[in-house]
Amino acid sequence: MTGDAITDWTSFALGAVAGFTLCFLLMRRKRMQGPPTPPVQPVELPPDLKALVLLYRADGRLIDAVKLVRVRTGCDLRTAKYLVERVR
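Rules and cut-offs
- Residues numbered from 1 in each chain as written.
- Predicted model: local features only at pLDDT ≥ 70, side-chain atom pairs only at ≥ 80, totals over all residues.
- Heavy atoms only, no water.
- Helix = DSSP H or I, 4+ residues; strand = E, 2+ residues; numbered from the N terminus.
- Buried < 20%, exposed > 50% of the residue type's maximum accessible area, 1.4 Å probe, protein only.
- Areas by Shrake-Rupley, 256 points an atom, 1.4 Å probe, with all protein chains shown as cover.
- Phe/Tyr/Trp six-rings, centres within 6.5 Å; stacked < 30°, edge-to-face > 60°.
- Lys NZ or Arg CZ within 6 Å of the ring centre and 35° of its normal.
- Salt bridge = Lys/Arg side-chain N within 4 Å of Asp/Glu carboxyl O.
- Axes fitted to C-alpha atoms, helices over the stretch in contact; angles between N-to-C directions.
- Parallel < 35°, antiparallel > 145°, perpendicular 65-115°, else oblique.
- Left-handed = near helix turned anticlockwise from the far one by under 90°.
- Contact = heavy atoms within 4.5 Å.
- Nonpolar A, V, L, I, M, F, W, Y, C, P; charged D, E, K, R; others polar.

Caption draft 1: Highlighting the overall build of the protein. In terms of helices and strands, the protein carries 4 helices and 0 strands. For the protein, the succession of helices and strands along the chain, N to C, is α-α-α-α. Here the protein holds 88 residues, and the buried ones make up 16% of them. Carbon and sulfur atoms make up 65% of the accessible area of the protein, which amounts to about 7300 Å² in all.

What follows is the structure, encoded as structure tokens:
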């Protein structure tokens, strides 16, 4: 507080506007993120597909393995990546 009424009220108003703006932006950002994604449902790969995935992984061709799993099983990208990383 400086003792000057105009300066005090101006500082208060600018602070309030900045606070409301920050709250608005944070709430908007939170709404834009969307709903959380559900957990991946484990699926057992057929033996022939599992062998191909293991061969692709051994060669370092992870992207090709994920593409193959997506085409053969019809699952989404996240599930296919999960399956390729977890296959033994």
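Caption draft 2: Inspection of the packing of aromatic side chains at higher detail. Using the criterion set out here, one finds 1 aromatic pair in the structure. Ring centres 5.7 Å apart and planes at 90 degrees place the aromatic pair Trp-9 and Phe-12 in the edge-to-face group. Of this pair, Trp-9 and Phe-12 both sit in helix H1 (residues 5-32), 3 residues apart, which is roughly one turn of that helix. Overall, Trp-9 belongs to the exposed group, its relative accessible area being 60%. The aromatic ring of Tyr-56 is capped on one face by Arg-61, whose charged end is 4.4 Å from the ring centroid.

Caption draft 3: Broad picture of the environment of Lys-81. Here Lys-81 shows up in helix H4 (residues 77-86). Among the residues examined, Lys-81 registers a relative accessible area of 44% and is labelled partly exposed. Sequence spacing of Lys-81 and Arg-70 is 11 residues, and the spatial spacing of their C-alpha atoms is 8.8 Å.

Caption draft 4: Quick peek at the pattern of salt bridges. In total, this model carries 5 salt bridges according to the counting rule given. Between Glu-44 and Lys-50 there is a salt bridge, with the nearest N and O atoms lying 3.0 Å from each other. Take Glu-44: its relative accessible area is 62%, and that puts it in the exposed class. Lys-50 sits in the partly exposed class, given a relative accessible area of 24%. Taking the shortest distance from any N to any O, the salt bridge between Arg-86 and Glu-85 comes out at 3.4 Å.

Caption draft 5: A look at the packing of helix H3 (residues 62-73) against H4. At a minimum axis distance of 9 Å, the contact between H3 and H4 shows a crossing angle of 120 degrees. Judged by the inter-axis angle, H3 sits oblique to H4. In this structure, H3 meets H4 at a crossing whose hand is right-handed. Together, Leu-62, Ala-65, Val-66, Val-69 and Arg-70 of H3 and Leu-77, Ala-80, Lys-81, Leu-83 and Val-84 of H4 make up the contact between the two elements. Broken down by class, the residue content of the contact of H3 with H4 amounts to 8 nonpolar, no polar and 2 charged.

Any functional reading would require information that these geometric values do not contain.
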